[in-house]
Amino acid sequence: MLERLLDSLYESLGEYPMWRTFLGRLAAGCDAEFAFIVIEPGRDQLPAAFVSHDEILPQIKACLERGLFQGMPPGHFGTDTRRTWLESALVVSAEFGTAGRFHVGFWRGSGAKGLDRAAEGILFDLVPGLRRAIGLYLSTAVLHRRLEVLTTATEAADLGIVLVDRDGAVLQTNSIADEILRIGDGLRVLSGRLRASDPVESAVLSDHIREKAREQTQDTDWSNYEPVSLSRAESALPLTTIVRPGPAFRPAASPLRRTAILILRDPSRQNAIPPVILSRLFGLTRASALLASKLASGLSLKDAAGDIGISHNTARVQLQNIFSKTGTNRQHDLVRLLLNSAATLSR
């Protein structure tokens, strides 16, 4: 039974919710209603709870909020003197790392018979495997958090990201790329492979993908890229693309699969910058921020004034105020400043 539990402990690391299969088997093997793991990493990190059944989660969270797991000595207990939900649970606590602690246990129900030595032994035997599994969990959490940060950045920047193999087969995309490829104007997926709308451009793109996949290395070289412009039928503006080698494959000595990354930017997708964002970033009045937003959208001062419903002279006065707030003195410099600011990341 222990070997089967350890196998499911590692196999269910990739589940969501994590360890659901392992905890379900632990509960069944110990004739319990529920099983759970509580991790207290220390170093000002929040605790995490994993359960075999969702019904148990409120009780576990209540125990965490009341600090019932804190300071629990290594070992087990079957009765809690404060008469909490834990009084019918068997829990084994152990340390991991330099400051972390974890607690694994199960609950048989308030009317269940006493906690037997066999079940207690199973929990103690699981401790070494749990130490290793929790280390993997914490490493995975760091990688997941980093991925979420990068995803947030690319989504906010309105960048489409496509990972392909050397033959152009699509392996991974983000939501921006999905939308661009769904429209299929300039770039689309045919039989699982990227193809440009124009046959000549498609051949050029395929050559660049093969070249960059071949140049994939252990370390990222930010200077290694190839720009590609893809014409479109529905827009005079091309779909702009950067082709890079696939992600660095360190610590492996060679990649599992040769890949290339395409970074897509559709100039026609750019929306007007919300005036409230410009007001907050540059301290502009509501009227000045509205004018600045119109100018950043490409309108001339005269057209922006007409669009807002103010005179050209009023717009000129407001523009001088905007220059003063932004440290610019020409409309061209102002627009460049606005389009290169964090204001463009407001979506």
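How each quantity is defined
- Residues numbered from 1 in each chain as written.
- Predicted model: local features only at pLDDT ≥ 70, side-chain atom pairs only at ≥ 80, totals over all residues.
- Heavy atoms only, no water.
- Helix = DSSP H or I, 4+ residues; strand = E, 2+ residues; numbered from the N terminus.
- Rg over C-alpha atoms; globule rule 2.2 N^0.38 Å.
- Buried < 20%, exposed > 50% of the residue type's maximum accessible area, 1.4 Å probe, protein only.
- Contact = heavy atoms within 4.5 Å.
- Areas by Shrake-Rupley, 256 points an atom, 1.4 Å probe, with all protein chains shown as cover.
- 1 Å grid on protein atoms, 1.4 Å probe; cavity = no way out; pocket = protein on both sides within 12 Å on 5 of 7 lines; lining within 4 Å.
- Points joined across faces, edges and corners; volume = space filled by probe spheres on them.
- Nonpolar A, V, L, I, M, F, W, Y, C, P; charged D, E, K, R; others polar.
- Pairing = 2+ DSSP bridges.
- Axes fitted to C-alpha atoms, helices over the stretch in contact; angles between N-to-C directions.
- Parallel < 35°, antiparallel > 145°, perpendicular 65-115°, else oblique.
- Left-handed = near helix turned anticlockwise from the far one by under 90°.
- Salt bridge = Lys/Arg side-chain N within 4 Å of Asp/Glu carboxyl O.
- Expected span 1.5 Å × (residues − 1).
- Arc of directions from axis to C-beta.
- Phe/Tyr/Trp six-rings, centres within 6.5 Å; stacked < 30°, edge-to-face > 60°.

Undergrad: Just checking my understanding: could you explain the overall build of the chain for this structure?
TA: In terms of regular secondary structure, the chain is built from 11 helices and 12 strands. Here the chain has a C-alpha radius of gyration of 29 Å; the compact-globule value for 347 residues is 20 Å, and the former is much larger. Taken along its principal axes, the extent of the C-alpha atoms in the chain is 85 × 50 × 35 Å. Evaluated residue by residue, the chain yields a buried proportion of 41% over its 347 residues. Considering only residue pairs separated by 6 or more positions, the chain has 52% of its internal contacts joining residues 24 or more positions apart. Total accessible area on the chain is roughly 19200 Å²; 52% of this is exposed by carbon and sulfur atoms.

Undergrad: In this structure, what is going on with the layout of surface pockets? I would like to understand it.
TA: Volume-wise, the largest pocket comes out at about 1300 Å³. Residue lining of the largest pocket: 34 residues in total, with L147, L150, I161, P247 and I261 positioned closest to the centre. Per-element tally for the lining of the largest pocket: the top contributor is helix α4 (residues 117-156), with 7 residues. The residue makeup of the lining of the largest pocket, split by class, is 17 nonpolar, 11 polar and 6 charged.

Undergrad: I'm lost on the sheet that holds strand β11 (residues 239-245) in this one. Help?
TA: Two orientations exist for strands paired in a sheet by backbone hydrogen bonds: parallel and antiparallel. In space, the 5 strands of this open sheet follow the order β7-β6-β12-β11-β10, with antiparallel pairing throughout. Where the open sheet ends on each side, the last strands, each with one partner, are β7 (170-173) and β10 (226-230). Ignoring which end each strand starts from, the neighbouring axes of this sheet average 25° apart. Running over the sheet, helix α5 (residues 175-183) touches β6 (160-165), β7, β11 and β12 (259-265) and is turned about 80° from β6.

Undergrad: Would you mind going over the packing of helix α1 (residues 2-11) against α4 with me for this structure?
TA: Helix-helix packing is described using two parameters, namely the angle between the two axes and the distance between the axes. As a packed pair, α1 and α4 sit with axes 10 Å apart at the nearest point and diverge in direction by 20°. Considering their axes alone, α1 and α4 lie roughly parallel with respect to each other. Considering only the axes of α1 and α4, their crossing is right-handed. Along the contact surface, α1 presents L2, L5, L6, L9 and Y10, while α4 presents I122, D125, L126, G129, L130, R132, A133 and L136. For the contact of α1 with α4, a count of residues per class yields 10 nonpolar, 1 polar and 2 charged.

Undergrad: Can you walk me through the pattern of salt bridges in this structure?
TA: When the charged atoms of two side chains lie near each other, side chains of opposite charge can form a pair. Enumeration according to the criterion identifies 10 salt bridges in this entry. The salt bridge partner of R101 is E95, with a shortest N-O separation of 3.4 Å. In this structure R101 comes out as buried when scored by relative accessible area, which is 15%. The partner of D266 in a salt bridge is R232, and the shortest N-O contact between them spans 2.8 Å.

Undergrad: Hey, could you run me through empty space enclosed by the protein in this one?
TA: A water-sized probe rolled over the atoms picks out the places where empty space is left. Taken as a whole and assessed by the stated rule, the structure comprises 1 cavity of 30 Å³ or more. Of the voids in this model, the largest cavity is the one considered here, and its volume is about 30 Å³. Together, R166, D167, G168, L194, R195, S206, I209 and R210 line the largest cavity. When contributions to the lining of the largest cavity are tallied by element, the ones reaching two or more residues are β9 (193-196) and α6 (199-214).

Undergrad: How do you make sense of helix α10 (residues 312-326) when you look at a structure like this?
TA: For an α-helix the count is 3.6 residues per turn, leaving residues at separations of three or four pointing the same way. Look at α10: 21 Å from first C-alpha to last across 15 residues, which is about the 21 Å you get at 1.5 Å a residue. By the burial criterion, the buried members of α10 are A315, Q318, L319, I322, F323 and T326. Down the axis of α10, the sector holding all buried residues measures 150°, keeping them to one side. Among the exposed residues of α10, those oriented more than 90 degrees off its buried face are N313, V317, Q320 and S324. Positioned one or two residues after α10, G327 has a phi angle of 75°, which is positive.

Undergrad: Any chance you could explain the packing of aromatic side chains here in plain terms?
TA: For any pair of aromatic rings, geometry is given as the distance between the ring centres together with the angle between the planes. Enumeration according to the criterion identifies 5 aromatic pairs in this entry. Relative to F102, the ring of F96 lies with its centre 6.2 Å away and its plane at 40°, an arrangement referred to as tilted. Residue F96 is classed as buried on the basis of its relative accessible area of 9%. We classify F102 as buried; its relative accessible area is 0%. Taken together, the aromatic side chains of W19, F50 and Y137 make up a single cluster linked through ring pairs.

Geometry only, nothing functional implied.
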